[in-house]
Structures are given as C-alpha cells and as structure tokens.
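# Chains, contacts and geometry: an overview
Now for the letters of each chain:
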Amino acid sequence: ERTLLFLALVKQTGLEHALLLIAGRNNTIFNPDVPDVSQFDSFAAAVKTGSGWTFYDPAARHCPFGMISAEKEGGVLNSVMIVPTKGAGAPKQGLVQHLTLTRAEVFAYTAAAVPFSSAARNVLKREAVVKLASDGTAEVTASQEGTGLVDLDHRERYEALDEEKRKTLLLEDLQRFLPGAELLSASFEHISSFDRTATLYYELKAHGLVTAVGDRIAVTPSIFGAFAPNPFTAATRRTAVHYSHTRRTQDKISIGIPAGYELEELPAPVVVRDPPFTLAMSYSKEGNNLVLSRRLEIDTAVLPASDYPRLKTFHEKLQEADGQTVVFKKGSPS
C-alpha cells in the first residue's frame, strides 16, 4: 500500500513511473522464463529521472531516499517492472486471428534488473581512541555510523530492541573481531530518527592488543580487523560469494603513546587494489598519539566462484596488513 501510494503521488508530478515486483535475494530466485506469482515477495517503485530509472523503497522503514533495501537489489534480472498505460484494463476492440473481439488491454511490463548500489553510498565510519594499560589491556572509546544501507543495517539491527538487548547484541558483534572484549558502556543515538544518522557510541576493555617485552611495547593498531577470522580459507569454492551489500569501511584509530615511551618506527603505508577490492592503510604521529587510517572497500555484492582465488588472496593480504604491530620503546632519561 505504501508503494502504491508513493507511485500515486509520483503520478501527480507527471513523471514516468513503474511498480516493481521483486524476487528478493533472501528468499527466492527469479525465473524470467517461467514467471510465477510465488517468485515475488517484495515491492519497490521506479521513477524515470533523465535517461534512466531511480529506485525507491517507501515500504521499508528508514530506507534512504533513492535506494532500496539490500535484499531487493539483484544486479541481474530479479523483477518485473509494470508500467501503467493510459486506458489499461479498459475494453478495446482487437483482431484475434480472423475474429473481431472486445478484450481488455493489459499493462505494459518487462523484466528488469535492479542494480547494486555502489560502495561509495554505503559507508561505515568508525573512530576509536585507545588508551593502553600497564596490565596489557586497552580501554577503547569508539563511535560508528553509516550512510545508505549501512545506516539501514544499524536501524534494522537495534531499533526494535530495548536497551539491554541492544547492549547484548552490540557486545556479540564486537567480540567477533575483539574476542574477550568487555563492554563498559554503550548508547544508541537517533536509532529511530528519520532525519539524523544512527550513531553508536561505546566504551570497552580489549585484551590481546598489547605485548610487553623488556623495554618495548608492541601494539596492534588495527583493532577492528586484526583479530577477525578470515572467512575464506578453503582452497577452492564451487558457489558464488554473496555479501549483504556493497560497503566501504573507513576507520580512524588513535592510540595514546604511553608516558615514558616513544614511537620506534612508523610502518609503511599499505595499498592493495584489485577491483572490486581495495585496501589502503597509513600511519601518522599526531601529538602524542599514533593514528591509523584504514579504508576497506568491497564494491560488489555477488562474486562468482571463478573469482574466488582473487578474493582469497586479497583477504590474505588484508589479514597481513591488519596484523602489523607498532613498537613503543622507553625513552632516554632526560
């Protein structure tokens, strides 16, 4: 009903529009040769803007304007586009073989491919300030927010839960890449807002980031990536790899250099480009802080099995880069 209401409003503007009946990625496979009503579990709207179509998802709560939810994207034929035709459904005379009959005019329709949105529209931004403790643990104060489908992910994941369940789920998410992490506090800002970005703030205690040897401390700065397991370790793969949607992840991690220590050496920048995969990491010293800037981009949602070797190699390079350590050494007494 929401989708049809949206199309009715578009109609009043005079723009060309269409209703999309979609075979969603999560539930079914669209067969363009044998269309059947059971294939379609979703709706969306298409509006002609310039020479192309823009897709909208008014039925999905919080879906960004001009986008559709991830499971309705397809990249290949996954929908039927029904274009309203003036007078469609009204009785009209027509010739069938040698007989003149009155029949109803049908709607114009065509099979359509709803494209995947680009990674540049689905950006996860994370910032963290890390304070190292003498017992080898670290206190992390962090925030994360997103644009496009990443913002929608946050809302779908947390909006319907109460505060305690939100914290429980957040901790589960954090422990996937920081095993043993302890959540100290968390807040979920603007989760239900329709005009502000959902933002998560949290403080946690992390283990395993720091190793002390003699007068040196080794630290792993890439706290969001270094301890995450590599999902692609099999030698071969027979089926395509599916991501929920394209994504660009931007991390800024600031680590306070402990009192009495100094930075031994900055690691060299790391750049790995093998489209649709990109990794860029660089380090800098800002005041008394070591700062890691990290950008990871996966600009595809479906990767064929034939490209699996490239994916496996990229993740191996990613793990190697994320596993880099930085050494602080005790400074000379003044």
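Presented here is an overview of the structure given in this document. Only a predicted model underlies this, so the values are computations on that prediction, with no experimental measurement involved. (Residues numbered from 1 in each chain as written. Predicted model: local features only at pLDDT ≥ 70, side-chain atom pairs only at ≥ 80, totals over all residues. Heavy atoms only, no water.)

## Side note on the overall build of the chain
Scanning the chain from terminus to terminus reveals four helices and 21 strands. Over its C-alpha trace the chain gives a radius of gyration of 26 Å, far above what one expects of a compact globule, namely 20 Å for 334 residues. Seen along its three principal axes, the alpha-carbon backbone of the chain occupies a region of about 105 × 40 × 35 Å. A buried classification covers 43% of the 334 residues belonging to the chain. Partitioning the intrachain contacts of the chain with sequence separation of at least 6 by distance along the chain shows that 67% fall at a separation of at least 24. Counting every atom, the chain has about 18100 Å² of accessible surface; 53% of that belongs to carbon and sulfur. Between the centroid of the 36 positive side chains of the chain and the centroid of its 39 negative side chains there is a distance of 3 Å. (Helix = DSSP H or I, 4+ residues; strand = E, 2+ residues; numbered from the N terminus. Rg over C-alpha atoms; globule rule 2.2 N^0.38 Å. Buried < 20%, exposed > 50% of the residue type's maximum accessible area, 1.4 Å probe, protein only. Contact = heavy atoms within 4.5 Å. Areas by Shrake-Rupley, 256 points an atom, 1.4 Å probe, with all protein chains shown as cover. Lys, Arg positive; Asp, Glu negative; His and termini not counted. Charge placed at Lys NZ, Arg CZ, Asp CG, Glu CD.)

## Considerations on the sheet that holds strand β1 (residues 17–22)
Taken together, the five strands give an open sheet; going across it, the order is β3-β2-β1-β4-β7, and neighbouring strands pair in antiparallel fashion. Looking along the sheet, the strands with just one partner apiece sit at the ends: β3 (52–56) and β7 (108–113). Put simply, the sheet's adjacent strands are angled 35 degrees from each other on average, direction ignored. Contacting β1, β2 (42–49) and β3, helix α1 (residues 2–13) runs over the sheet at an angle of about 15 degrees to β2. (Pairing = 2+ DSSP bridges. Axes fitted to C-alpha atoms, helices over the stretch in contact; angles between N-to-C directions.)

## Comments concerning the sheet that holds strand β12 (residues 210–213)
Spatially, β12-β13-β21-β16 is the arrangement adopted by the four strands of the open sheet, whose pairing is antiparallel. A single partner strand is all that each edge strand has here, and the edge strands are β12 and β16 (261–263). For this sheet, the mean inter-axis angle between neighbouring strands, taken without regard to orientation, is 25 degrees. Direction of pairing for β16 relative to strand β21 (residues 326–330): antiparallel, over a ladder of three bridges. Note that in β21 the partner of Tyr261 across the bridge is Lys330.

## A short note on the layout of surface pockets
Each pocket or cavity is described by its volume, and for the largest pocket that value is around 1300 Å³. Lining the largest pocket are 35 residues, and of these Leu124, Arg126, Phe177, Arg247 and Thr249 lie nearest its centre. Broken down by secondary-structure element, the contributors of at least two residues to the lining of the largest pocket are β8 (123–132), α2 (149–158), α3 (163–175), β15 (247–256), β19 (289–298) and α4 (308–322). Take the lining of the largest pocket: its biggest share by element is six residues, from α2. Across the lining of the largest pocket, the residue classes break down as 16 nonpolar, 10 polar and nine charged. (1 Å grid on protein atoms, 1.4 Å probe; cavity = no way out; pocket = protein on both sides within 12 Å on 5 of 7 lines; lining within 4 Å. Points joined across faces, edges and corners; volume = space filled by probe spheres on them. Nonpolar A, V, L, I, M, F, W, Y, C, P; charged D, E, K, R; others polar.)

## A few points about the environment of Ser42
For Ser42, the location among the structural elements is in strand β2. Apart from residues lying up to four places away in sequence, Ser42 is in contact with Leu20, Leu21, Ile22, Gly24, Glu71 and Lys72.

## Re the packing of aromatic side chains
In the structure shown here, the tally under the stated rule is six aromatic pairs. Relative to Phe188, the ring of Tyr158 lies with its centre 5.2 Å away and its plane at 45 degrees, an arrangement referred to as tilted. Of this pair, Tyr158 sits in helix α2 while Phe188 sits in strand β10 (residues 182–189), and the two are 30 residues apart along the sequence. Using a relative accessible area of 10% as the deciding quantity, one classes Phe188 as buried. Each ring, one from Phe177 and one from Phe224, has its centre 5.5 Å from the other, and the planes form 70 degrees; the classification is edge-to-face. Of this pair, Phe177 sits in the loop between α3 and β10 while Phe224 sits in the loop between β13 (216–219) and β14 (241–242), and the two are 47 residues apart along the sequence. (Phe/Tyr/Trp six-rings, centres within 6.5 Å; stacked < 30°, edge-to-face > 60°.)

## With respect to the pattern of salt bridges
Pairing is possible between side chains that carry opposite charge, provided their charged atoms lie close to one another. Across all of its chains, the model carries 18 salt bridges by this definition. For the salt bridge of Arg61 with Glu159, the shortest nitrogen-to-oxygen distance reads 2.9 Å. Here Arg61, found in the loop between β3 and β4 (77–83), pairs with Glu159, found in the loop between α2 and α3; they are 98 residues apart in sequence, far enough to count as distant. Given a relative accessible area of 18%, Glu159 falls into the buried group. Among the ionic pairs, Glu264 bridges to Arg216, the shortest N-O distance being 2.7 Å. With Glu264 in the loop between β16 and β17 (270–274) and Arg216 in strand β13, the pair connects residues that are 48 residues apart, well separated along the chain. On the accessibility criterion, Glu264 (36% relative accessible area) is partly exposed. (Salt bridge = Lys/Arg side-chain N within 4 Å of Asp/Glu carboxyl O.)

## What to know about the side chain of Glu297
When you line up the elements, Glu297 lands in strand β19. Among the polar contacts made by the side chain of Glu297, one reaches the side chain of Arg295 at a distance of 3.5 Å. Leaving out residues up to four positions away in the same chain, Glu297 has contacts with Ala119, Arg247, Arg248, Pro276, Phe277 and Thr278. (Polar contact = N/O pair within 3.5 Å; in protein donor to acceptor, adjacent residues only side chain to side chain.)

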